[in-house]
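Structural overview for review
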There are 2 protein chains.
Amino acid sequence: VQTNLSGSGRSVTISSDGPFTVIGERINPSGRRRLAQALSRSEMSLVRSYAMAQLEAGAHLIDVNVSVSAVDEQTVLPLAIQTVAEVTDVPLCIDTPNERALRAALEVCPGKPLVNSVTGERASLNSVLPLVEEYGCAVIGLTIDDQGIPWDARRRYEIAERILDAAKACGVPAEDVVIDPLAMVVGVDQQAALVTLEAIELIRSRLGVNITVGASNISFGLPERSLINRSFLTMGMAAGLNCAILDPLDVEMRRAIAAADLLLGKDDFAVGFVGRSRHGW
Amino acid sequence: VQTNLSGSGRSVTISSDGPFTVIGERINPSGRRRLAQALSRSEMSLVRSYAMAQLEAGAHLIDVNVSVSAVDEQTVLPLAIQTVAEVTDVPLCIDTPNERALRAALEVCPGKPLVNSVTGERASLNSVLPLVEEYGCAVIGLTIDDQGIPWDARRRYEIAERILDAAKACGVPAEDVVIDPLAMVVGVDQQAALVTLEAIELIRSRLGVNITVGASNISFGLPERSLINRSFLTMGMAAGLNCAILDPLDVEMRRAIAAADLLLGKDDFAVGFVGRSRHGW
């Protein structure tokens, strides 16, 4: 299945046939104090430089999140979206839990963005999906429902199925829903990665939709986070993951993705891998 | 299932429950000219130092292969086995296609070694399995038959099943057969890794035996071989691989294995991973 997205000047297709799609995670104030302070002053220079650096590093989409206390999202999110759209031409990923900020961002966002996110919670389905349909964009569906995040793969798969049903009922086609089966912290629960990998397999084989995940959370609290993140992503890609939100400035992560695409038969004649090994990752 | 092996002083269990098992590949003259020359003179100092270095680097088993022209395997293999057994206490992996050399090596090898290997070819089954039964050791079964190496996963699985049947008929229990579904060169066939990963899944889920692979072949002819090898191994471990023949001196490979064990729930409370990140991989 193909999820077609567009920015001000470029189209991107998330697909199980082609190479992996990278969504740059850096424009997010969580854990980034300087960015949080800048956003609270509606100051956009860091947003601009993070966008350009991620594009330079090969990000296919740029996630834009300004959620932090002291920031009026409804004003600052559209401003950040416009800022990123000025300096990049790729599709954007509008990342907010705030319905009014989402609408304001959709009003100014060029092309066909990806909304991050809807969940399986009743209130989220009812508020986000109509906006996704109205603006003709695509959406990430998180496998959470009103009971929280299930600790087994089958229930995450069932929530994914319910999100797809609700999307269809709203006029949003399945190819415009990218499911995120959630990667929890492996230092807290040793089964965390296994549950996510099993959910990826179930969702890929039974629902056939595109699948994304946040790749940086799994290693929280542990040493060698980049190593753990890229090992998890490599496993996920073999299981059917075809997109992730991650730090594109992590060169080891980029190398791991190129190697995984090669091994999974998504790099004809190894042209991409060999080229990058010669001219820089 | 558990494959129990022993050396002169240490036992090793290959198991899907525990951490990954590493078989050190370095004592092999293929592509190592100095070692080939030394072996042709029955000179054992390199064998000794390679054995010690691999043990130091955390190898659980040491593979011993002396197959090269100008070497009389029937004399040199038992000598090399004795040499390695003098300087290490771990189980050995006796690696030869030569039946008489295998018998001579088994005569002098302490403990319960792993024989590398039997294939699904009639002649191999008939010559190797009786020796495995006679000496009470374990054996690696390669998924090759008289038609060669199949290019699809299902046929490799079927050969694995036939090897297990033949072993049983010979009195060798299934837990003493470790299947190698073969990793071919991904630069030659882009489906090579996918076929092996699918074979691992099939063999694990339907036959329940332990699975090994040679992890260094897949990247032949490509740049960044260590990166490709460890990415492949990471995917294989998620699919059910619990053992591999590889270069234990590759520290990035050791890091990748530790991360994969952690992610696959085989490192309780991340003790192994955190310990190694502090005190060296």
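Use the structure listed above.
All chains use their own residue numbering, which begins from 1 and follows the written sequence. Note on labels: chains are lettered from A, ligands numbered from 1, in written order. pLDDT decides what is reported in this predicted model: residues at 70 or higher carry local features, side-chain atom pairs at 80 or more are listed and counted, and totals for whole chains, interfaces and linings draw on all residues regardless. Computation of side-chain values: all heavy atoms of the structure, hydrogens and water removed.

**Quick look at the sheet that holds strand 8 (residues 177-180) of chain A**
Residues and elements named next belong to chain A. We call two strands paired when DSSP finds no fewer than two bridges between them. In this text, helices come from DSSP runs of H or I with a minimum length of four residues, and strands from runs of E with a minimum of two, each type numbered from the N-terminal end. Spatial strand order, 8-7-6-5-4-3-9: seven strands in an open sheet with parallel pairing. At either margin of the open sheet sits one strand with a lone partner, and together these are strand 8 and strand 9 (243-246). Within this sheet the neighbouring strands show an average axis-to-axis angle of 30 degrees, counted without direction. Judged from the four bridges that link them, strand 3 (residues 21-27) and strand 9 form a sheet pairing that is parallel. To define axes, lines are fitted to C-alpha atoms, for helices over the stretch in contact only, and angles between the resulting N-to-C directions are given on a 0 to 180 degree scale.

**Here we look at the side chain of Ser15(A)**
Residues and elements named next belong to chain A. Considering the arrangement of structural elements, one finds Ser15 in strand 2 (residues 11-15). A polar contact is formed between the side chain of Ser15 and the backbone nitrogen of Asp17, at a distance of 2.9 Å. We call two residues in contact when some of their heavy atoms are within 4.5 Å. Leaving out residues up to four positions away in the same chain, Ser15 has contacts with Val1, Gln2, Asn210 and Asn242. In the analysis that follows, any N or O atom pair within 3.5 Å is treated as a polar contact, provided that within protein one partner can donate a hydrogen and the other can accept it, and provided that, for residues neighboring in sequence, both atoms belong to side chains.

**Some details on unusual backbone geometry**
Of note, the bond from Asn116(A) into Ser117(A) is cis; its omega dihedral lies within 30 degrees of zero at 20 degrees. Along the chain, the position of Ser117(A) falls in strand 6 (residues 114-119). Phi angles above zero are rare outside glycine, and Phe269(B) is one such case at about 55 degrees. As for its placement among the helices and strands, Phe269(B) is situated in the loop between helix 9 (251-263) and helix 10 (271-279).

**Focus on the state of the cysteines**
Here, the term disulfide refers to a pair of cysteine sulfur atoms separated by no more than 2.5 Å. Per the counting criterion, the structure on display carries zero disulfides over all chains. Of all cysteine sulfurs, the one in Cys243(B) lies closest to Cys93(B), which takes part in no disulfide; the gap is 7.9 Å.

**Notes on the pairing of strand 4 (residues 61-64) of chain A**
For a regular strand, side-chain orientation follows a simple rule: the groups alternate between the two sheet faces. Residue and element names in this part refer to chain A. Only protein chains enter the accessibility calculation, which uses a 1.4 Å probe; a residue is then buried when its area is under 20% of its type maximum, exposed when over 50%, and partly exposed in between. Side chains Leu61 and Asp63 of strand 4 all project onto a buried face; the interleaved residues Ile62 and Val64 project onto the opposite face, where all are buried too. The sheet contact formed by strand 4 and strand 5 (residues 92-95) spans three bridges and is parallel. Across the sheet, Asp63 pairs through a bridge with Cys93, a residue of strand 5. In terms of handedness, the path from strand 4 via helix 3 (residues 73-87) over to strand 5 forms a crossover that is right-handed. Viewed with both strands pointing away, a crossover whose connecting path from the first strand over the helix to the second turns clockwise is right-handed.

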